[in-house]
Every structure is written in C-alpha cells, then in structure tokens.
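Now for the letters of each chain:
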Amino acid sequence: KVSGLTMGQLLEQRVFKPVGMTHSQYGTPPPGAASGHDAFMLGKPEVRRPEAAGWLLGAANVWASANDLAKWDLAFASGTLLDDAARRAMTTPHKTSEGREILYGCGLGTRIRNGELVLQHTGAVDGFQSYNTFVPRIRAAVIVLSNDFHADAGDLQDALVNLVLDRPNDIPLIPGPSAE
C-alpha cells in the first residue's frame, strides 16, 4: 500500500481517471475481456486461463484496451502524469558496465527512425502479446494487441509504424466511435 491505497486504487486515482482510461483496470480481467490463446507444439490454439495472481509482474497486473494505451501515450508525451526528469529517465538509452549503449530507458525502448524519436514497449503473458509504438513529435501511436501467443504481430506493427513515419501528414483521422 502507498498512502493507505492499494495498487488498484492508486492506479485508478493517479493514472486511469486523470488520463480518461475508462477501459483499463488493475487485477483480474475486466468483464468482456478477450481470452488469450496458446498452442503446444503443432496443436491448435487453445483458450488459456488468465495468469494467477502475482504472475503478471511485468505487466503490473494491468489490463488495458488499445484506445486506453493511446491515451496513456498522449499523456506521457504531454507531461500530464510525469515530470520532465521522469520522462527523460524512461526515454534515455542506458549503457552497460562495458560502455555499450542499450536502446532502452527505464521502461521504454527508444529508436531514431526516419529522423524521428520512436518510443516502444512490447509485452506478453500467456495467451497475449502487445506492441505499443508512439512517435511523440507527431502524436501518432500504433498499437497492436493479439490474443494468440504464437501469432507474431511484430511484423504488422513494424509495417504500420513505417507507414506512419513515411507519410506523417497523411495519417487519416477516422470519424465515429473509438475502437474497443
């Protein structure tokens, strides 16, 4: 507990609500959440049970929609939640003890592609994969979520990011309700 709040309460009060992340929660999967799938060897994909409590440490036990991840990206880039020093720590590549640069800050991969700073974070838990790429200068995000652990969406993610970087002024705004 921090300040007498549970982690779920803390995230709700300090992150989800201020950013408008209405399809995110801490702990168990939200009602209507997708089921993860995984296959063993050459077998057909099977529905996986959600990870047991305490096993989602890398994912911080957070469930979020693609739309909410985009809201996080925008809040991160604008400084809504974190100060400049924290954002700099998360986006500054580090060096190994041997002096080799690692293109990873404190939580985010960093790349320069087509002259643009590109921030990336990927993740996976049993039955799911996520790819989140954000280009701060043009405020563009490409988010791919997969509920098939072996269907590698990395190539799709990369192709979509290349489209965004090749034609940043031609990114269409899609009218209508947000994706869920």
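Above this note sits the structure.
Note that the structure is a prediction, hence the values are computed from the model and not measured.

## Looking at the pairing of strand E10 (residues 140-146)
For E10, the buried fraction is high: 5 of the 7 residues fall into the buried class. As paired elements, strand E9 (residues 128-135) and E10 share 7 bridges and run antiparallel to each other. The residue of E10 that forms the bridge with Phe-134 is Ala-141. Hairpin connection from E9 to E10: 4 residues lie between these consecutive antiparallel strands, with Arg-139 at a positive phi of about 55°.

## Let's talk about helix H1 (residues 7-19)
Along its 13 residues, H1 runs 17 Å from first to last C-alpha, staying within 8% of the 18 Å computed at 1.5 Å per residue. For H1, the principal kink sits at Gln-13 and spans about 35°. Among the residues making up H1, those that are buried are Leu-10, Leu-11, Val-15, Phe-16 and Val-19. Along its buried surface, H1 packs onto strand E1 (24-26), strand E4 (62-64) and helix H2 (66-78). Phi turns positive, to about 80°, at Gly-20, one or two residues after H1.

## Brief notes about the environment of Asn-114
Tracing the chain through its elements places Asn-114 in the loop between strand E7 (109-113) and strand E8 (116-125). Given the relative accessible area of 55%, Asn-114 is considered exposed. Each C-alpha atom, one on Asn-114 and one on Asn-162, is 8.8 Å from the other, the two residues being 48 residues apart in sequence. A polar contact of 3.1 Å, which involves the side chain of Asn-114, links it to the side chain of Asp-166.

## Remarks on the nonpolar core
Counting 10 residues, the largest nonpolar core consists of Val-118, Tyr-131, Val-135, Ala-140, Val-142, Val-144, Ala-153, Val-161, Val-164 and Leu-165. At the level of elements, E9, E10 and helix H4 (154-166) are the ones that each hand at least two residues to this core. With sequence-adjacent residues up to four places away left out, Val-135 is seen in contact with Glu-116, Leu-117, Val-118, Ala-140 and Leu-165. In this structure, Leu-11, Val-15, Val-19 and Met-21 belong to the second largest nonpolar core, which totals 6 residues.

## Observations concerning unusual backbone geometry
Even without a glycine there, the phi angle at Met-41 is positive, about 55°. Tracing the sequence through the fold places Met-41 in the loop between strand E2 (36-38) and strand E3 (46-48). Judged by relative accessible area, Met-41 falls into the exposed class, the value being 68%. In this structure, Arg-139 is a non-glycine residue whose phi angle is positive, near 55°. Positionally, Arg-139 belongs in the loop between E9 and E10.

## Remarks on a nonpolar patch on the surface
Taken together, the side chains of Phe-40, Met-41 and Leu-42 present a nonpolar region at the surface, about 490 Å² in accessible area. When you line up the elements, Leu-42 lands in the loop between E2 and E3. The exposed category is assigned to Leu-42, whose relative accessible area is 87%.

## Structural notes on empty space enclosed by the protein
For the structure shown, the criterion picks out 1 cavity of 30 Å³ or more. Estimates place the volume of the largest cavity at around 30 Å³. Going through the elements one at a time, E9, E10 and H4 are the ones with two or more residues in the lining of the largest cavity. Of the residues contributing to the lining of the largest cavity, the split by class is 7 nonpolar, 1 polar and no charged.

Rules of the game
- Residues numbered from 1 in each chain as written.
- Predicted model: local features only at pLDDT ≥ 70, side-chain atom pairs only at ≥ 80, totals over all residues.
- Heavy atoms only, no water.
- Buried < 20%, exposed > 50% of the residue type's maximum accessible area, 1.4 Å probe, protein only.
- Helix = DSSP H or I, 4+ residues; strand = E, 2+ residues; numbered from the N terminus.
- Pairing = 2+ DSSP bridges.
- Expected span 1.5 Å × (residues − 1).
- Bend = angle between axes of the 7 residues up to and from the residue.
- Contact = heavy atoms within 4.5 Å.
- Polar contact = N/O pair within 3.5 Å; in protein donor to acceptor, adjacent residues only side chain to side chain.
- Core = buried A, V, L, I, M, F, W, Y, C linked by side-chain atoms within 4.5 Å.
- Patch = residues over 30% accessible without salt bridge, like charges linked within 9 Å, V, L, I, M, F, W, Y side chains within 5 Å.
- Areas by Shrake-Rupley, 256 points an atom, 1.4 Å probe, with all protein chains shown as cover.
- Salt bridge = Lys/Arg side-chain N within 4 Å of Asp/Glu carboxyl O.
- 1 Å grid on protein atoms, 1.4 Å probe; cavity = no way out; pocket = protein on both sides within 12 Å on 5 of 7 lines; lining within 4 Å.
- Points joined across faces, edges and corners; volume = space filled by probe spheres on them.
- Nonpolar A, V, L, I, M, F, W, Y, C, P; charged D, E, K, R; others polar.

No statement about biological role is implied by the geometric values presented.
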